Structures are given as structure tokens and as C-alpha cells.
Amino acid sequence: MDYGHSDPRKSGQKVPTAIKILIAGGLGAGKTTMVGAVSETGPLRTEEVLTEQGIGIDDLSGVEAKTTPTVAMDFGRISINDDVVLYLFGTPGQDRFWFVWDELALGALGAVVLADTRRLADCFPSVDYFERRGTPFIVAVNVFEGAVQYDLAELQLALNLNPDVPVLLCDARRRQSGKDVLIALLRHAMSNPAGAIAGDARP
Amino acid sequence: MSAPEELPEDRWVDEHAGPVVRPYAMTRGRTRPVTGRFDLVSLVTATHLLPTRDLGLGPEHLAIVRLCHRPLSVAELAAYLDLPLGTIRVMLGDLLERGLVLVREPAAAGALPHISIIEAAIDGLRAL
């Protein structure tokens, strides 16, 4: 465990361990809904200025104009107890912003890929990303009203997933369902940790 | 809970025009913190030192210190203060350098938290 450059004991306060979990999937798959349903904070939003890391040089002083491109991230917090706090981060759009994904995935314990059976292909880029990176992930199929119901084994096949990757149904609007998904992910990450195979795209 | 109760009162914000002081002015044009890594989920806690304005700190620095009476992540600070992450990181570097905050970085990339931590998280989620 890396305690960074500060000694938490000096604060006279116990500092918990932060666990980062990503909630990925296509547009409209229910990422922000799930983050909001299961978090104590409701979805919070923060912005990253794109040029900062896209260029990575210190000569940007004063050039951040109103048009500076930013990418928004929705996230939430679940305080488990004094020792552990979970942070859930919804990933931004899949086709752009890969560098933001790299930052989010760095040190993440695992990811939930939300799938919508009406647009199953929308989650492929997320699945590809976490497979390539070696981040443990599970697929949670958000059950939308009016969508044709599929058998989980069929979905596993359709997604061309490694049989070890858990696939489960969920309702992103429901807190209990979100908790079940997170528990499934934590269990999966415990038995399939992001190990040596985890790529480190942005040290 | 939507936000800590103690949101800074002296935030220089005009709701219609956006922040009166642009983020790069708060950091005096700096885009990198003087020290520190500051992952999104690095947890920041205020020390018992009392910040004063003569340390060269602005109101946003002091707002961070006030919010961090309990551990808050870098991402939460950015959200509650409505500032870009890069700006928060620069200001955290200033505070860390002056010993006003402590920072606990998350587990190094690729390192799994101790199994007991994950088990505690699972148990805790069940109990919530």
C-alpha cells in the first residue's frame, strides 16, 4: 500500500482507503443513473481541462479561454466505514477522451460495463478497453422496460466475453440492484486482480 | 447528503457570469502543482495548522482547508468548489508544501488493496 508523502497519523484522524470503481458503457446505458442511485452523494460532477494533459507542457499559462475544451465526469461516494470509502466514476463518452479513461482506470479496482440489450454493440468499446488494459470488469445488463429479454448465456456469447467474466441483470435506477452489481464486481476483482497484465498507458 | 455544510461563503462567484476570478488566475497561471501527485481519489485532510492569508493563499485555498476537516477526495473538492481538477491540484500542491493538508494517495496502480479491505467493502455494501 502506498501511503503517499503524508503521514495520516499526524492529522489525528483516521484516513480511509479509497477504492476507485468505474462505471462504463454506451451513451444512455444508465451510468450516471447507477452512480446516483447507489451513492450517498448523488452524482457529483467534475471537469478536466483537456488541453492540460492532451499537450502536457507547462506553457499553457493564461491561454485557457472560455472555449477551453473540458470533459465532465460524474461520480459518487459510498462511505463503507472508517476504513474504506468507494468512489464510483462514470466514464465519459467512449469515442473520444481516451486519455481521461486512462487516468480513471489508473489504480481502479475494477469496472462495471453497463449494457443495453437494445443497443448491445454500444458497450463493445468499453469491453475492449478493459480487456486490453487488464482491468477486472463485469457486465451488468440494464433491464429497460420494453426491451426484449435475453438469456444471460446468450448475452455472454453475443458479447464474445471470456467465460470468467460475470454477466448479470440489473436495474440501474435501484439502489439495491446497484449494490448487488458492486458486490459482484468486488468479488470478481478479488479473484481476478488487475495484475502484471494491466497496461499502464499513462504513468 | 448533497454537499458538506460548510461550503465557502467567500466564494467569488456571480451566478450569471460564472466565477469572477478565472481558474488560471487562482493558480497564477500555473498548470502543475509544486508538489504531489493528486489522483482523483487521493484523500485530503486538513492538518491542525491554521492557514492565514499572509501565506500567499487565496480564498479558494482556504476553502479547500475548511472542506477537508474530514477526508475528501480530490474529485470531491473539485466538484464542491466547482473548479477544474487541474486548478484544484495546483492549489493542493501549495497547501501540501505549507503543511496545511495531508494527502493519502490511493494504492499504487496495479496493486490490489489488501484482501481484507475488499472484504470489508463487500460486507459494508451488504449492510448499507
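Since we're looking at a predicted model, the values are computed, not measured. (Residues numbered from 1 in each chain as written. Chains lettered and ligands numbered in written order. Predicted model: local features only at pLDDT ≥ 70, side-chain atom pairs only at ≥ 80, totals over all residues. Heavy atoms only, no water.)

A few points about the overall build of chain A
Helix and strand counts for chain A come out as 6 helices and 7 strands. Tracing chain A from N to C terminus, the helices and strands come up as β-α-β-α-β-β-α-β-α-β-α-β-α. Taken over 203 residues, chain A has a buried fraction of 54%. Put simply, 75% of the contacts in chain A that link residues at least 6 apart link residues at least 24 apart. Here chain A has roughly 9,000 Å² of accessible surface; of this, 52% comes from carbon and sulfur atoms. (Helix = DSSP H or I, 4+ residues; strand = E, 2+ residues; numbered from the N terminus. Buried < 20%, exposed > 50% of the residue type's maximum accessible area, 1.4 Å probe, protein only. Contact = heavy atoms within 4.5 Å. Areas by Shrake-Rupley, 256 points an atom, 1.4 Å probe, with all protein chains shown as cover.)

Digging into the environment of Asp83(A)
Residue and element names in this part refer to chain A. With respect to the helices and strands, aspartate 83 occurs in the loop between β3 (70–79) and β4 (84–90). Residue class for aspartate 83 comes out partly exposed when judged on its relative accessible area of 33%. Separated by 69 residues in sequence, aspartate 83 and lysine 14 place their C-alpha atoms 7.7 Å apart. Apart from residues lying up to four places away in sequence, aspartate 83 is in contact with Lys14, Pro16 and Thr17.

Observations concerning helix α6 (residues 175–191) of chain A
With 17 residues, α6(A) extends 25 Å from end C-alpha to end C-alpha; this agrees with the ideal 24 Å at 1.5 Å per step. Within α6(A), burial applies to Ser177(A), Gly178(A), Lys179(A), Val181(A), Leu182(A), Ile183(A), Leu185(A), Leu186(A), His188(A), Ala189(A) and Met190(A). (Expected span 1.5 Å × (residues − 1).)

So, the sheet that holds β4(A)
The mixed open sheet is built from 7 strands, whose spatial order is β2-β3-β4-β1-β5-β6-β7 (chain A). A single partner strand is all that each edge strand has here, and the edge strands are β2 (44–49) and β7 (167–170) of chain A. For this sheet the average axis-to-axis angle between neighbouring strands, irrespective of direction, equals 30°. Here strand β5 (residues 110–115) of chain A pairs with strand β6 (residues 137–142) of chain A via 5 bridges, running parallel. Bridging from a neighbouring strand, Val113(A) pairs with Val139(A) of β6(A). With respect to the sheet, helix α3 (residues 98–105) of chain A is in contact with β1 (17–25), β2, β3 and β4 of chain A, its orientation differing from that of β1(A) by roughly 145°. Here helix α5 (residues 115–127) of chain B sits on the sheet in contact with β1, β3 and β4 of chain A, set at roughly 80° to β4(A). (Pairing = 2+ DSSP bridges. Axes fitted to C-alpha atoms, helices over the stretch in contact; angles between N-to-C directions.)

What about the confidence of the model for chain B?
All names here are of chain B. Averaged over chain B, the pLDDT score is 82; the fraction of residues at 70 or greater is 79%. Long-range and interchain partners of residues 1–7, a stretch whose pLDDT sits below 50, account for 16 contacts in this model, where long-range means more than four residues apart. As scored by the predictor, the complex reaches a pTM of 0.81 and an ipTM of 0.79. (pLDDT = per-residue confidence, 0-100.)

Here we look at the pattern of salt bridges
Overall, the coordinates contain 13 salt bridges over all chains when judged by the stated rule. Put simply, Lys20(A) and Asp39(B) hold a salt bridge, and the shortest N to O gap is 3.4 Å. Residue Lys20(A) is located in strand β1, and its partner Asp39(B) is located in the loop between α1 (23–26) and β3 (43–46); the two belong to separate chains. Pair check on accessibility: Lys20(A) and Asp39(B) agree, each one buried. We note a salt bridge from Glu76(B) to Arg77(A), for which the minimum N-O separation is 3.1 Å. Here Glu76(B), found in helix α3 (residues 74–81), pairs with Arg77(A), found in strand β3, and the two come from separate chains. Sharing partners across several salt bridges, the network here consists of Glu40(A), Arg77(A) and Glu76(B). (Salt bridge = Lys/Arg side-chain N within 4 Å of Asp/Glu carboxyl O.)

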